[in-house]
Structure formats: C-alpha cells, structure tokens
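# Fold and geometry: a report
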Amino acid sequence: QIPRDPAQRRVRELARLSKQLQQVHPNVLAKVLKQGTVYQNEEIVVINKPYGLPVHGGPGVKNCIADVLPILTKMLENMKAEPLHLCHRLDKETTGVMVLARNKEVADRIRLLFRTRQVEKIYWAISLGAPDPTEGIVEIPIMEKEVQSHQSHYKMTLAPNYRLSPEDGKTVKIQKNRNAESAVTRYRCLASSYACSLLELQPITGVKHQIRVHLAYGLGCPILGDHKYSHWSKLAPQKLPEVTLKRLQLKQSKARHLPLHLHAYRLSLPLGKQIDLVCKPPLFFQNTLKKLELDFAKD
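Note that the coordinates shown come from a computational prediction; the quantities given were computed from them, not determined experimentally.

## Some words on the side chain of S127
- When you line up the elements, S127 lands in strand β5 (residues 120-128).
- S127 sits in the buried class, given a relative accessible area of 0%.
- Side-chain polar atoms of S127 contact the backbone oxygen of G129, separated by 3.1 Å.
- In contact with S127, other than residues within four places in its own chain, are A195, C196, S197, L199, C221, P222, I223 and L224.

## Focus: the environment of Q8
- One can find Q8 in helix α1 (residues 6-23).
- Spatially, the C-alpha atom of Q8 lies 8.3 Å from that of K251, the residues being 243 residues apart in sequence.

## Points about the packing of aromatic side chains
- Applying the stated criterion across every chain, the model contains four aromatic pairs.
- Measuring from centroid to centroid gives 5.9 Å for Y217 and Y229, while their planes differ by 75°, and the two rings are edge-to-face. Of this pair, Y217 sits in helix α5 (residues 210-218) while Y229 sits in the loop between α5 and α6 (242-248), and the two are 12 residues apart along the sequence.
- You can call Y217 partly exposed: its relative accessible area is 23%.

## Details of the pairing of strand β8 (residues 153-158)
- Of all six residues that make up β8, five are buried, and the element is covered over most of its length.
- Both strand β7 (residues 142-147) and β8 contribute to a ladder of six bridges, which runs antiparallel. Following the sheet pairing, E146 is matched in β8 by Y154.

## With respect to empty space enclosed by the protein
- Summed over the entire model, instances satisfying the criterion amount to two cavities of 30 Å³ or more.
- Approximately 100 Å³ is the volume found for the largest cavity.
- Those elements giving two or more residues to the lining of the largest cavity turn out to be α1 and α7 (283-291).
- Element by element, the count of residues in the lining of the largest cavity is highest for α1, at four residues.
- Size it by volume and the second largest cavity reaches roughly 40 Å³.

## Let's talk about helix α2 (residues 26-35)
- L29, A30 and L33 are the residues of α2 that are buried. Along the axis of α2, the buried residues cluster in a sector spanning 100°; they form a single face. Across from the buried face of α2, at angles greater than 90 degrees, the exposed residues are K31 and Q35.

## Some thoughts on the pattern of salt bridges
- What the rule picks out here adds up to 12 salt bridges.
- D91 is paired through a salt bridge with R212; the nearest N and O atoms lie 3.4 Å apart. With D91 in the loop between β3 (85-86) and β4 (95-101) and R212 in helix α5, this residue pair connects regions lying 121 residues apart in the sequence.
- Of the charged contacts in the structure, one is a salt bridge between R111 and D108, with a shortest N-O distance of 3.1 Å. In this pair, R111 and D108 are both assigned in helix α4 (residues 104-115), three residues apart and thus about one turn of the helix distant.
- Under the relative-accessibility criterion, R111 is labelled partly exposed at 29%.

## Quick word on the packing of α2 against helix α3 (residues 65-76)
- Put simply, α2 and α3 touch, their axes get as near as 8 Å, and they point 70° apart. Between α2 and α3, the crossing angle belongs to the class labelled roughly perpendicular. The crossing of α2 and α3 is right-handed. Of the residues in α3, those touching α2 at P26, N27, L29, A30, K31, L33 and K34 are I65, V68, I71, L72, M75 and L76.
- Its residues assigned to classes, the contact of α2 with α3 comprises 10 nonpolar, one polar and two charged.

## What about the domain arrangement of the chain?
- According to the domain assignment, the chain contains domain 1 (16-116) and domain 2 (120-292).
- Computed from C-alpha atoms alone, the centre-to-centre distance between domain 1 and domain 2 is 25 Å.
- Summing both partners gives a buried area of about 1700 Å² for domain 1 against domain 2, and 70% of it is carried by carbon and sulfur.
- Across the contact surface, domain 1 and domain 2 share one salt bridge.
- Counting across the interface, domain 1 meets domain 2 through seven residue pairs in polar contact (both at pLDDT 80 or more).
- Of all the secondary-structure elements, those providing two or more residues to the side of domain 1 that touches domain 2 are β1 (37-40), β2 (44-49), β4 and α4.

About the criteria used
Residues numbered from 1 in each chain as written. Predicted model: local features only at pLDDT ≥ 70, side-chain atom pairs only at ≥ 80, totals over all residues. Heavy atoms only, no water. Helix = DSSP H or I, 4+ residues; strand = E, 2+ residues; numbered from the N terminus. Buried < 20%, exposed > 50% of the residue type's maximum accessible area, 1.4 Å probe, protein only. Polar contact = N/O pair within 3.5 Å; in protein donor to acceptor, adjacent residues only side chain to side chain. Contact = heavy atoms within 4.5 Å. Phe/Tyr/Trp six-rings, centres within 6.5 Å; stacked < 30°, edge-to-face > 60°. Pairing = 2+ DSSP bridges. 1 Å grid on protein atoms, 1.4 Å probe; cavity = no way out; pocket = protein on both sides within 12 Å on 5 of 7 lines; lining within 4 Å. Points joined across faces, edges and corners; volume = space filled by probe spheres on them. Arc of directions from axis to C-beta. Salt bridge = Lys/Arg side-chain N within 4 Å of Asp/Glu carboxyl O. Axes fitted to C-alpha atoms, helices over the stretch in contact; angles between N-to-C directions. Parallel < 35°, antiparallel > 145°, perpendicular 65-115°, else oblique. Left-handed = near helix turned anticlockwise from the far one by under 90°. Nonpolar A, V, L, I, M, F, W, Y, C, P; charged D, E, K, R; others polar. Domains from an automatic or database assignment. Buried area = accessible area lost by both parts, 1.4 Å probe.

Shown next, in the form of structure tokens:
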C-alpha cells in the first residue's frame, strides 16, 4: 500500500533505503560510496556519508562502511592499493563529510588531529523550537545512564557541574561525576519558522551523541526526527507541533518514520595546508528546509 501523501511516501522510502543498504551486495554499497566522493588527493578520500549506514559492524549489521573499504579502494584506485582507513566516525543516522585515509600513517595523523581538537567541524541540524539565546555555547558534561522505565535502556544525558540551591536559588558548584565527560558545543540559529529552526553547530569536544543531547536536554530543542532524545523516560516517537506536521504534510502517527535531521556540513582539516571540505545535505534534509521555509543567507 503506497501512501498518497508525498511526505509520507518520502519518509517510507527513507526507511526502505536504510533497510536496503543492509541488504545490498557490498559491491553495490561501495559503488554508492564512490558516487558520494566529494574530494580526493594522494593522502585522503572524502565521502558524503549516506543516511542509515553504520560506520562499524555490530549485532544485526550486515553492511557497514568499515567492511566495504577494501572494495571501495579497488574501485577508486587499483587492485594493489592498501584498503582505505577510517579516521573518525559518524552515527548511523548522521549524514555528511567523512574522511578516509589512504594509508595508516595518514590515518594516525588525522586521528591525532581529531583527538587534539584541531579539526573544525560544522554540523547543520533542524531542531524543534528555537534556542534562547539564538547563539551561544553549551558547556555541560555528558555521561551514559540507564533509564528505568517499563523498557530499561541506556541514554547519554547531562551531568551538570552546577545546581540551584533550594534555599536561595543561587548557583552551587557540585562534585563532578567521575563517569562524565566534558562536552562543549557552540551553536547559532540560522533561521526559524513553523516551530522549527535551522542551527549551525560546532562541537568543540567529541562525546558520543553530544550534539543531540546538548540540543534536547541543554537547550530544549531536540533535533527533528530524534526519537531517542525527544523524551527521557520512554522510547516513543517524537511529538511534533501541529503547525510543523501541517507543513511537512505528515500525520503524528507516522512521525516515527521521520529521519534524524543532523548533517556533518563542513570539516576543516589542517593537513600541511588547510583543507576545507563541504557536503551538501541529503535530499530529504533539503526538502524539509523548503517545506518549513527555513531560508537563510549563507556566509
């Protein structure tokens, strides 16, 4: 049964595409990645990572980027080239700039650049609501915690260094949780309309799910399609405002198919010279921007 509504058709297609990526032959997947190549030189190959494709294998994962690197290398170079190396990771649902190194030495150099925070990363996200203030820095440590609910599960969450004193409402420093990692995200709102915003984000640190947690729990603006971090105690589809559903031509009952709108837009890599790598957001992201009329002037 094909939904008549174009938005629901697109959402269904994305879910199907994500599933298909798990079922296609590794050669087909390598070809998809090759077509998504945005830059290459003698040291690196840069791809625009598709939606729904995990970087590493795991339970239930048949296809992942790591596994098809040897095939991709042969397609890009020749039979004798050593397989490309992963330098960093992106979540399965995140799209955008991904750097692969042609040899181990370059991979080690790039990993060190990431670890020592010398790589400037710019993400785009469409969020529910608008952050207040519209520009700023979120600096709240993050840790993993078990959520006690009818379905126990784990989530990353905020572990603040401060709380408000119940007596006088003053800010009191509290002892840092030893499992918490420092997390810093710079953000700025590029446009807002129909109860959503387009945000430009610069994660200064690289904690798991950092952008998603800082937006949802720090600023109260979860990312559109982030069903995991839109609630704390339950695993449930994101609840969308009426005005947003209307613009997206979507029913709330179908919101669970909405993909995560988080895209690694730009990477600045200091490899001898500064290499600026930019990836256009995927089609579903561009369509959402159009539907929500999130227009903005690029710098």
